[in-house]
Amino acid sequence: MTRITKAVFPVAGLGTRFLPATKAMPKELLPIIDKPIVQYAVEEAIAAGITELVFVTGRNKRAVGDHFDANLELEAQLMAKGKTELRDMVRNIVPEGVACIFVRQPEPLGLGHAVLCAAPAVGDNPFAVLLADDLMQGGTLPTQALVTAFDAAPRTILSVSEVPQEDVSKYGIVKAGSADASGVMPVEGIVEKPPVADAPSRLASFGRYVFTPEVFDILRNLKPGAGGEIQLADAIDQLAAQGKVGAITNPSRRYDCGAKFGYLTAVVDVALGDPEYRDRFLALIRDRVSEADKA
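Numbers given to residues run from 1 along each chain, matching the order in which its sequence is written. For this predicted model, a pLDDT threshold of at least 70 governs which residues receive local features, and a threshold of 80 or more governs which side-chain atom pairs are given and counted, while totals over whole chains, interfaces and linings are taken from all residues. The side-chain numbers reported here are obtained from all heavy atoms of the structure, hydrogens and water having been left aside.

## With respect to the environment of Ser205
This is how it is decided: Runs of E in the DSSP output that reach at least two residues are strands. Runs of H or I that reach at least four are helices, and both are numbered from the N terminus. We call a residue buried when its accessible area falls under 20% of the maximum for its residue type, exposed when it is over 50%, and partly exposed in between, using a 1.4 Å probe and counting protein chains only. By definition, residues are in contact when any of their heavy atoms lie within 4.5 Å.
The residue Ser205 is located in strand E11 (residues 203-211) in this model. In this structure Ser205 comes out as buried when scored by relative accessible area, which is 8%. Here the alpha-carbon distance between Ser205 and Ile190, two residues 15 residues apart in the chain, equals 8.6 Å. Excluding residues that lie within four positions of it along the chain, Ser205 makes contacts with Leu158, Ser159, Val160, Gly172, Val174 and Ile190.

So, in C-alpha cells, the structure goes:
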C-alpha cells in the first residue's frame, strides 16, 4: 500500500454556533491568538509527511483558499517596510513542495458526502481526514500517530479517546477489542451519537482518520443516515463489519473549537504556552479572578 501523502479537510460547514462572527468569515479562520484554527490542522498534516492538501469547500468559503494562497501585494508591502520576518511567515504558511487543491461540496449533505467530494483529487490512494474544529496539542499529534500505524498495517484507522458517560451521545462511539502489541484496537462497529443506554463503549472517534480508497465505493452507495445526511460513520461501520478498521488512542490533548467554550479553552491554553504572552496573561487571569472574588 502506498504511503499516505494526501489529506482531506472538510471545511464547507456553516459554523452556525459562532454566528454572527461566521456570517462573513469561515469558522475555520477564527484565530487562536494570531493563527487560524485550520492552519493548526494543516501544520499537523504537513508534519506527518502530507504533501497534498485537499480542501472541500462550500459557499462563502473563498477566504480559506485566500489564506493558503500567495499574496504578492502583501508580501511586497512587508518587504518595502523592512518586515522580512513577517513576509517570510506569510509566504511559508504552506511550505515549498506542498500543494493545495480546492474542491466544492455543492450541497451540505453530510461529512461522508464531503469526503466523497474529494475522491477525484485523492484517486486510488490512501488518505487522511482532518476536521479543523478539533485542535490538537502535544508532543505527538494524532495524524502522525495514524500515519505510523497505517505504515505498519494498512487499513482504515481512527483516532479515539474515552469520554464521560454523559457525553457519548455527542460523538461516534466505537465498539473495539483489545489493543495489539502496536497499540491498535480492532474496531467491530461504530454508532453515530447513540443514546447513553445504547452506547457500545465510551470510546469516541474524533476528527482524525486515515482511510484506504475503498471507502469511496461505500460512500457512493450509502443511503442518507442520521439527519438525512451521508454519514462517514456509516461507511466506517460497514468497513468495520468486514474487519478492516482499527483504532488508536489519541496521543494529544483535544480542543473542540466547534463549541464556544472549547474555543475559549484553546485560546487560553495556547496563550499560556506562549513565552511571549504567558507571564502577562497569567497575571491578567489572576487579577480578574481576584476582582471576581471581591465582587
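## Brief notes about the pattern of salt bridges
Inclusion rule: Any Lys or Arg side-chain nitrogen found within 4 Å of a carboxyl oxygen on Asp or Glu counts as a salt bridge.
Within this structure, the stated rule accounts for 14 salt bridges. The partner of Asp167 in a salt bridge is Lys170, with the nearest N and O atoms 3.2 Å apart. Overall, the relative accessible area of 18% leaves Asp167 in the buried class.

## Considering the packing of aromatic side chains
Going by this rule: Any pair of Phe, Tyr and Trp rings, taking the six-membered ring for Trp, is counted once the centres come within 6.5 Å. Such a pair is stacked with planes under 30 degrees apart, edge-to-face with planes over 60 apart, and tilted for the rest.
Tallied over the full model, the rule gives 8 aromatic pairs. Feature note: the residues Phe9, Phe55, Phe68 and Phe102 constitute an aromatic cluster, connected by ring pairs.

## Side note on the nonpolar core
Going by this rule: Think of a nonpolar core as a cluster: buried Ala, Val, Leu, Ile, Met, Phe, Trp, Tyr and Cys residues, connected wherever their side-chain atoms sit within 4.5 Å.
With 41 residues, the main nonpolar core has Phe9, Ile32, Leu53, Phe55, Phe68 and Cys257 as its most contacted residues. Ranked by residue count, the leading element in this core is helix H1 (residues 37-47), at 6 residues. Apart from residues lying up to four places away in sequence, Phe55 is in contact with Phe9, Val11, Val38, Val42, Val64, Phe68, Cys100, Ile101, Phe102 and Val103. Val103, Leu158, Val160 and Tyr209 belong to the second largest nonpolar core, which has 38 residues in total.

## Regarding the packing of helix H3 (residues 72-80) against helix H4 (residues 84-91)
Selection criterion: For helices, the fitted line uses only the C-alpha atoms of the stretch in contact; every axis is such a line through C-alpha atoms, and the angle between N-to-C directions lies from 0 to 180 degrees. These descriptions rest on fixed angle ranges, namely under 35 degrees for roughly parallel, over 145 for roughly antiparallel, 65 to 115 for roughly perpendicular, and the rest for oblique. Handedness of a crossing follows from how the near helix is turned relative to the far one, being left-handed for an anticlockwise turn of less than a right angle and right-handed for a clockwise one.
With their axes 8 Å apart at the nearest point, H3 and H4 run at an angle of 160° to one another. As the angle between them shows, H3 and H4 are arranged roughly antiparallel. Relative to H4, H3 is oriented so that their crossing is left-handed. Of the residues in H4, those touching H3 at Leu74, Glu75, Leu78 and Met79 are Thr84, Leu86, Arg87, Val90 and Arg91.

## Here's the deal with the side chain of Thr57
Mapped onto the fold, Thr57 is located in strand E4 (residues 52-57). According to the relative accessible area criterion, Thr57 is buried, its value standing at 11%. Residues in contact with Thr57, not counting those within four places in the same chain, are Val11, Ala12, Phe102, Val103, Arg104 and Gln105.

Purely geometric numbers; function is a separate question.
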